[in-house]
Amino acid sequence: MLRELKTFIAVTRYGTFAAAGMHIGLTQSAVSAQIRNLEQALGIRLFDRTGRQAILNAAGQRALPMAREILETFSRMAVSDSVAEFRGELKIGAVATVQTGLLPRALLRLRQQAPLLEAKLVPGVSLNLLSQVDTGEVDLAILIRPPFELPKELSVQVIRREPFVLIVPADLEGDDPLQLLAEHPHVRYDRNSFGGRLVTRFLREQQIDVQVALELDELEAIVKMVECGLGVSLLPEAGLWLEHGAKVRIIPLGELTFYREIVLLQRYSQRTLPIQQLFARCLTQIDD
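Residues numbered from 1 in each chain as written. Predicted model: local features only at pLDDT ≥ 70, side-chain atom pairs only at ≥ 80, totals over all residues. Heavy atoms only, no water.

Glancing now at the overall build of the protein. A count of helices and strands for the protein gives 12 helices and 11 strands. If one aligns the C-alpha atoms of the protein with their principal axes, the spans along those axes are about 75 × 50 × 30 Å. Taking all 288 residues of the protein together, 44% fall into the buried category. Within the protein, residue pairs in contact and separated by at least 24 positions form 74% of the contacts whose partners lie at least 6 positions apart. As displayed, the protein offers around 15100 Å² of accessible surface, 50% of which is attributable to carbon and sulfur atoms. If you average the places of the 32 positive and of the 34 negative side-chain charges in the protein, the two averages end up 9 Å apart. (Helix = DSSP H or I, 4+ residues; strand = E, 2+ residues; numbered from the N terminus. Buried < 20%, exposed > 50% of the residue type's maximum accessible area, 1.4 Å probe, protein only. Contact = heavy atoms within 4.5 Å. Areas by Shrake-Rupley, 256 points an atom, 1.4 Å probe, with all protein chains shown as cover. Lys, Arg positive; Asp, Glu negative; His and termini not counted. Charge placed at Lys NZ, Arg CZ, Asp CG, Glu CD.)

As structure tokens, then:
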């Protein structure tokens, strides 16, 4: 019945039998047959069919967390007490700056201690990665801490705090960050991203109405735009631009400094699994 439970979870994730089938490699009729088998075994209907959509009814909503728990319990049965002997795949979600910053050395440590483990990197933005951890598409993710309360089913561990700074073209005079923000065009950190929302809050608190020259979500690209003289920018002091010696001036915010937090996110029920604990140690020990 495990395959039926996996298919059940896939349908809840993708919304239709057809979409679930595409993602798990089954035809729509095969998905329908498995859901029918599961419903017959349980003696209840799990979905209300509305057109092409499969919407969880009350019984389905009650069954979903138990289905996830059953699959998680089964997966733990296959985990060796010794991480060195662990065989399997670990799906790791990561935002762009983590892929070129924290992650490479952490993965090296992981490889040294669990050589039989196959790590799979899933790139993405924080909001999407949050959803993928919640639905079980990835085992864990390293992302920017959301500016809102998370479901109790998710576990958050802070890995790093990164201060925001103002960067300006190398030849731009002045050292007052608020004055520079008010007087010059702003290359804005995407306000839909978690980090960008922190910038929005800062500008609102300082009552600064910036003139937006461009808005994007890639830190290295933002730095390049500032280098070329397009404007100034508030962004976290993190990423490859620091290592590559960008041709910009970095102006600290002093007592106005705010931070973004890089966190390790995973399902609460999986945080004590040996391989998850090992990965967390690899992340937090890379600067030892």
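Moving on, we come to the nonpolar core. Within the largest apolar cluster, 65 residues are counted, with the highest numbers of intra-cluster contacts made by I142, L166 and F279. With seven residues, strand 6 (residues 154–169) is the single largest residue contributor to this core. In contact with F279, not counting residues within four places along its chain, are L90, I92, L103, L107, L110, L140, I142 and L264. A20, V31, I35 and A63 belong to the second-largest nonpolar core, a separate cluster that totals 18 residues. (Core = buried A, V, L, I, M, F, W, Y, C linked by side-chain atoms within 4.5 Å.)

Take the packing of helix 1 (residues 2–14) against helix 2 (residues 17–24) next. Helix 2 packs onto helix 1 with a crossing angle of 115° between their chain directions and a minimal axis gap of 8 Å. When you trace helix 1 past helix 2, the crossing you get is right-handed. In this structure, helix 1 uses T7, A10, V11 and Y14 to contact helix 2, whose residues at the interface are F17, A19, A20, H23 and I24. The residue makeup of the contact of helix 1 with helix 2, split by class, is seven nonpolar, two polar and no charged. (Axes fitted to C-alpha atoms, helices over the stretch in contact; angles between N-to-C directions. Left-handed = near helix turned anticlockwise from the far one by under 90°. Nonpolar A, V, L, I, M, F, W, Y, C, P; charged D, E, K, R; others polar.)

Time to look at the UniProt feature "domain: HTH lysR-type" (unreviewed entry) in the protein. The positions that UniProt labels "domain: HTH lysR-type" (unreviewed entry) are, in the present scheme, residues 1–57. Within the segment residues 1–57, helix and strand shares are 63% and 14% respectively, and the terminal C-alpha atoms sit 21 Å apart. (UniProt positions renumbered as here; feature names shortened; annotations may be inferred.)

This part is about the pattern of salt bridges. What the rule picks out here adds up to eight salt bridges. One salt bridge in this structure joins E4 and R3, with 3.4 Å as the shortest N-O distance. Note on R3: relative accessible area 54%, which makes it exposed. In this structure, R145 and E261 form a salt bridge, with 3.1 Å as the shortest nitrogen-oxygen distance. On the criterion of sequence distance, the pair formed by R145 in the loop between strand 5 (140–144) and strand 6 and E261 in strand 11 (residues 259–267) is long-range, its members being 116 residues apart. On the accessibility criterion, R145 (38% relative accessible area) is partly exposed. Judged by relative accessible area, which is 22%, E261 ranks as partly exposed. Each member of the salt-bridge network shares a partner with another, and the members are R145, R161 and E261. (Salt bridge = Lys/Arg side-chain N within 4 Å of Asp/Glu carboxyl O.)

We now examine the environment of P252. The topology assignment puts P252 in the loop between strand 10 (248–251) and strand 11. Exposure remark for P252: the relative accessible area of 60% places this residue in the exposed category. Contacts of P252, omitting those with residues within four sequence positions, involve V165 and P177.

What follows covers the pairing of strand 1 (residues 47–50). Examined bridge by bridge, strand 1 and strand 2 (residues 53–56) share four bridges and lie antiparallel to one another. Looking at strand 2, one finds that R49 is bridged to A54. Adjacent in sequence and paired antiparallel, strand 1 and strand 2 are bridged by two residues, among which G51 carries a positive phi angle near 65°. (Pairing = 2+ DSSP bridges.)

This part covers the packing of aromatic side chains. For any pair of aromatic rings, geometry is given as the distance between the ring centres together with the angle between the planes. The final tally for this structure, using the stated rule, is six aromatic pairs. Seen from their ring centres, F8 and F47 are 5.7 Å apart, and the 70° between their planes marks the pair as edge-to-face. With F8 in helix 1 and F47 in strand 1, this residue pair connects regions lying 39 residues apart in the sequence. A relative accessible area of 1% places F8 in the buried class. You can call F47 buried: its relative accessible area is 0%. With a centroid separation of 4.4 Å and 15° between ring planes, the pair formed by F164 and F258 is classed as stacked. (Phe/Tyr/Trp six-rings, centres within 6.5 Å; stacked < 30°, edge-to-face > 60°.)

For the rest of this paragraph, the subject is the environment of H186. Checked against the element boundaries, H186 lands in strand 7 (residues 186–189). The exposure class of H186 is buried, given its relative accessible area of 0%. Taking C-alpha positions, H186 is 42 Å from E118, a pair spaced 68 residues apart along the chain. Apart from residues no more than four positions distant in its own chain, H186 is found in contact with L181, V199, L203, V210, Q211, V212, A213, L214, V232, S233 and L234.

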